[in-house]
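Residue strings, one per chain:
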Amino acid sequence: MSELAWSIYRASGERSERRPGFAGYAYRELSSKKVKDFEFTLPVESSDKHDQLRSFILGIREARSDEDAKRIVDILLFELEAPYSNKALRTAATPLGLQTALLQDLRGITGKNNPANLALILEQMYALGGGKASMASQWASAMTEAQGGGMPGWIDEFYAQVLPSNLADVVLSIGSLGPSHRVEDLRTPTWLSNLEGNPFKWLATSWDRLCDSGWIDSMPRRRWTDWAACVARTGLACGYMFEMHLYRRLGAALISDEDPDDVVRQLLNDGKRLFSWDDQVPRSAADVGPVVTQLASAGSACMKLIHDLVSDEGLDFPAMCEFDDDPNGLVAWLAAARAARGGVPDLQGKVARALAAKKAGPANNTWEMIRYSLLSRASDGEQDLYGVLRSAGRYTWVEPGQEWLVTVSSLQAERPGQLSRLTDLGASLSALGIDASQRTIVSRLESYGLARSSHDADDALEIMPGF
Amino acid sequence: MIYPTWILERSFGGLGVAVSPLNGALQSRWPDGRSSPMSAEACQAMMIACSAADNLGPAHMVFLVGGAGNGKSKLAADVVACVNGTARDEPSAFAQRCYAFDLPNGRGLRVVNDATIPPADKQEFALQRDIVDALEAGDHFLGCINRGVLIGERQEPDSLENDNNRVASAIISWLLEGELPALPTGNAEIKTAGESEDASENYGFARIRIAGNLVAVVHLVYMDNASLLEEWPESEPATRTDAALPSCQPKVTPLLDRERGEVESAFEGCLSKLASGYLNDLPAENLDPVRSNTLSLSNTSVARGWCSVMRGAEILSGTHFSYRELWALASHSIIGPLASEALGELQKHVQLQQDRVRNGNPQEQVRSAIALGNLRAHMLLFDAGRRKQGDEAGDFGWPETSSDALKAIQFADPLKHFGPRESVETSFLDEAINGLKDGHLPGASLAETDKLVRYYWTPLDARIEEIVSHAVNATGENSLTLKDRSRVLSWYGRYLYRLKALASGWPAHVSIVSEWQNTWIDAHLGRRMNPDLEDAVLDILAPLGDDGRTTYFTFLQPRVSAGDNSANKVRIEIPRQDVLVGMTTSGDRLDLAISLRSQSGGTPSAFTTLDFHLLREAMARQGGHGFTDSLLVIEPRIERLRAAMVATQIRSAGSRSRYGFSDRRGLVKG
């Protein structure tokens, strides 16, 4: 969300003057070694900012003495800090509002000079899913239009003041440009928009619902922020998996003679069950670690192979984007690619090597991205309630955190308070590539108190929304 | 002798469980149960309308809403059998979504038998289209509908253009939510009428007018709102079919009420008739457990007790038993979870055990007596078909059987929690069973003093008790090892406990079940919750903090909790006196609606179902000693309720809220 917020500002084209060597914003410093020139946004004691916050607390009479005010300021600043891992060097603030989202940026958090453009990746996925506007604008509108929004007004004001004064113009420009912010020139292939149930569509629908339909007012803001992060990280990872799956299978299909229609139908079907989830299956059998590794390595290698073929001008190999307007684009591309394959020397060998590729280079990043987004991140003995995978020892298996299932199943309903059905949940899960056993989902829903009396048995089981 | 196989037709997974409108004549061996309150009446109205001499009156629409196995298709079959219609399509061997008939008076009748079957063209809003088609043609319409279909068909009437479409979508929302949405102004109008507007949860009636003309009347019946294990009073006969029918309310009688023994629950007659029907097909053999089961269950009082235990299971697990499930449970109680030819095996097993009981040595006798005892209804119900823990030698090898209904029954096993006042009943029975060692016969003497036990008690039970008593008292070379002796005693203890509980109608936690029923009645009558119980529920939802006076919750954490005071936290106060707990019933479900006084009207901030676990936890707190293992079950729900309350408080109380702050040094004065 921080990146989404910053992306609006970056798009405005304004650049504030930065001192040379500036490495990014982060909330608090954890290591004592000074490596780069980060700016930490947590107001330190006895700074002007801290004094300003203290007077604010005294001014609204939440505290009676200066001593109490100081403690309250510290408590609120402490509560703002997002959970971090043992290895972290810098922390981030929980992006509860426009201002708090700006208390860090991706450079500050990762320490990299050129981190991946996460906001753009998300926006691309959201656009692929046919989202209404842009993820950033939807989020910014939710923030500005919330009615109370699960956040006491004075705390909102307090946190707004935490932001360093030199970023005030950033907030202003986000406030004015945010709701109309659009990302141009994103690909939206027709064949994908026609495809029922894919992770991009899930991401776009869930995000639009979360931001526009009163959810923000029906739960504490912190919970809403967690849900938003959950939707983003799930959509991101599952989107990647889907893409890798697509490339891997198309790569393999280049050298086969199976009917392109069948290939595509089969691959889309298989895309609905990349992972299987059944609590009854022992961990060794439910291990999805190899699936992720294989998708990332073979998928990236096939993607690279196809890109190389396309960019080799001597080959006249068709690019996928040429078929974006074709409702049956994938099939058409495959047929065209096969027609061009005669000119490719040793295609057989190239494909075989790509499919057997080891995890290296870009595949590592993809692998990392998928695992990092889906794996449950436990910190300080606190469970990650929004993870999808858990791992211990050699095995990684599907075991979503409690709130993950609550989030996914609640966002099937358009508004808070609306019921949905088990069939819908099954459809959402398979859109994300998760093939879940009905028994498992039902018993989970029951234990979280979301399933409502099941007399209209089977798929018609009613699911209550979380709020 | 041969066990007749017809009893398996309706066992779990049996073949005779589904009905289609064209196979009207049903298996004759099975007694007919009563239809859900108002459903037969609504179908009667439909039959009268179908056989009207002319086709001038309004079209009749009857919607039977509910899950599978509640008798919707059976009623539809009855209507079809009676109206003398001609099918428009060729009959098919497969169940179809829709059947259309031409009636003698020139009108049509459409029957949607199973709305879950998609139409041939896979159209999305298929039910809506079915209704529109009937409205356009002026046909009568009978729909058997389960709720899942309705959720998928919900649409805002405003978004539709055509009058009939709007009416159809309004009907669908009505079926789903129990309230008719307002139609946008236009030609079409649909209005509820009669006492059904608020009085009855099972039945609704509405009139549809297009351009002021009455075109159709709608009878809506919820098939699964009333428990089959409670009393269904007879309704008054209807005087006209195009007006709301006189409604009749099912009555709920708490299990521990004195009248419970005197009221007839809807399924009771089915069970006793089934048992006596099967009994007639069995040869007289005193040591046959299957025959003993039919003998016991054909007694009305025993059937009543059985129904009470099933009712308990229903409430404890928050499910609804349909006819289909109850028939299966009934046959399970008589013959166990058998699916097919295994009846012959069971027969052989029984004969072998009988033979050993008669002629075996004392050890064999006692083993076989136990094996026969395990086939008695009160043992079969809770044990048969369960995954085996250890291998009980000599037991019949039941196929492993699992279903939600069976799980619910096993959850209600009286061995878990026995009798209305557990300690009293337990010590009484324990003492009686102890008497075995002194040569007393506790079961037989219980049967003399307790008439419910007497109705259940059969010669087989008496024989088993004699053998057991003999075995535990035998000395010399025939005596059992100490270990075997205690095993036999403990088995007999289980046997007698369950026997007494089934005969008396005591499921596990019978006092909680009874309290739930009382609370349901209060809610149904629109009364306030019993104040002690309300306090206990509040105690779970909004526990008082360390100072014993106020309730504060964290809200900047991933979880909303009361939290401890030694961490850096900010909390918001939810004033306990501002939390209002309302109750609503929806069929057999009891919902709590939580709202805050600061809310200006509107919908409550959160809903939850008052189920066994929540009630049990609350009742434990009522007694002041708190915490049962149910707390774990309800924790996630409670957390969400608190989060919703916090969101409401933030939204509606604004700057009036109080906050509390704490850090490692403790509370900060806010």
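> Can you lay out the overall build of chain B for me, pointing to particular residues and giving the numbers?
Scanning chain B from N- to C-terminus turns up 22 helices and 15 strands. Here the C-alpha radius of gyration of chain B, 29 Å, is about what a compact globule of 670 residues would show, namely 26 Å. The dimensions of chain B, computed from C-alpha atoms along their principal axes, are 95 × 85 × 40 Å. Counted over contacts in chain B with a minimum sequence separation of 6, partners at least 24 positions apart contribute 67%.

> Describe the overall build of chain A, listing the residues and the values that go with them.
When helices and strands are tallied, chain A shows 21 helices and eleven strands. Taking the principal axes of the C-alpha coordinates as reference, chain A spans close to 80 × 65 × 45 Å. Taking all 467 residues of chain A together, the buried fraction comes to 48%. Contacts spanning at least 24 positions in sequence make up 73% of the contacts within chain A whose residues lie at least 6 apart.

> Could you give an account of the domain arrangement of chain A, with specific residues and numbers?
Think of interface size as the accessible area that goes away when the parts come together; that is how it is often given. Residues and elements named next belong to chain A. Taken domain by domain, chain A consists of domain 1 (2-42 + 81-188) and domain 2 (189-467). Each of domain 1 and domain 2 has a C-alpha centre, and the two are 26 Å apart. Contact with domain 1, which involves 28 residues of that partner, is made by 32 residues of domain 2. Going through the elements one at a time, α6 (118-128) and α7 (135-145) are the ones with two or more residues in the side of domain 1 that touches domain 2. Per-class residue counts for the side of domain 1 that touches domain 2 are 14 nonpolar, twelve polar and two charged.

> Go over helix α8 (residues 153-162) of chain A with me, naming the residues and quoting the values.
All names here are of chain A. Along α8, the residues classified as buried are Ile155, Phe158, Tyr159 and Val162. Down the axis of α8, the smallest arc covering the buried residues is 95°, so these residues share one side. Here the buried face of α8 lies against α2 (48-59), α3 (66-80) and α4 (98-101).

> Talk me through the domain arrangement of chain B; I want residue IDs and the actual numbers.
Each assigned domain of chain B is listed with its residue range as follows: domain 1 (34-222), domain 2 (267-511) and domain 3 (528-668). On a C-alpha basis, the centroid separation for the pair domain 1 of chain B and domain 3 of chain B is 43 Å.

> A description of the sheet that holds strand β11 (residues 579-586) of chain B should follow, citing residues and the corresponding values.
Residues and elements named next belong to chain B. Reading across from one edge, β11-β12-β13 is the order of the three strands in this open sheet, with antiparallel pairing throughout. The open sheet has two edge strands with one neighbour each: β11 and β13 (606-609). Averaged over all pairs of adjacent strands, the angle between strand axes in this sheet comes to 25°, irrespective of strand direction. Against the sheet, helix α20 (residues 531-541) touches β11 and β12 (589-596), its axis set at about 110° to β11.

> Residue-level account of the sheet that holds strand β8 (residues 213-222) of chain B, with values.
Strand pairing in a sheet is mediated by backbone hydrogen bonds. Such pairs are either parallel or antiparallel. Residues and elements named next belong to chain B. Pairing is mixed in the open sheet, where eight strands are placed in the order β2-β3-β4-β5-β1-β8-β7-β6. Edge strands, defined here as strands with exactly one partner in the open sheet, are β2 (86-87) and β6 (188-192). In this sheet, strand β7 (residues 203-210) lies alongside β6 in antiparallel orientation, the contact comprising five bridges. Counterpart to Ala188 in the pairing with β7 is Ile210. This element, helix α1 (residues 39-50), spans β1 (59-65), β4 (108-112), β5 (140-145) and β8 of the sheet and lies at about 155° to β1. Helix α5 (residues 163-177) rests against β1, β5, β6, β7 and β8 of the sheet, and its axis sits at about 20° to β6.

> Please give an account of the pairing of β7(B) that cites residues and values.
Residues and elements named next belong to chain B. As paired strands, β7 and β8 are joined by eight bridges and run antiparallel to one another. Its bridge partner lying in β8, Gly204 is registered against Leu220. Adjacent in sequence and paired antiparallel, β7 and β8 are bridged by two residues, among which Ala211 carries a positive phi angle near 50°.

Thresholds applied
Along every chain, residues carry numbers that run from 1 in the direction the sequence is written. To read the labels, note that chains go from A and ligands from 1, taken in the order they are written. Local features in a predicted model are, by the rule used here, given only for residues with pLDDT of at least 70; side-chain atom pairs are given and counted only at 80 or more, and totals for whole chains, interfaces and linings are based on all residues. Under the DSSP-based scheme used, a helix requires at least four consecutive residues in state H or I and a strand at least two consecutive residues in state E, with every element numbered from the N terminus. Here the globule rule reads 2.2 Å times residues to the power 0.38, and the radius of gyration is calculated from C-alpha atoms. Here contacts are defined at the residue level, using C-beta atoms placed from the backbone and a cut-off of 7 Å between them. Any residue with 12 or fewer other C-beta atoms within 10 Å of its own C-beta is exposed, any with 20 or more is buried, and the rest are partly exposed; the C-beta atoms used are placed from the backbone. A domain assignment, automatic or from a database, supplies the domain bounds used here. Charged means Asp, Glu, Lys or Arg here, nonpolar means Ala, Val, Leu, Ile, Met, Phe, Trp, Tyr, Cys or Pro, and polar covers whatever is left, Gly included. Our arc is simply the arc of the directions from the helix axis toward the C-beta atoms. Any two strands with at least two DSSP-identified bridges between them are counted as paired. What counts as an axis is a line fitted to C-alpha atoms, over the stretch in contact for a helix, and the angles between N-to-C directions run from 0 to 180 degrees.

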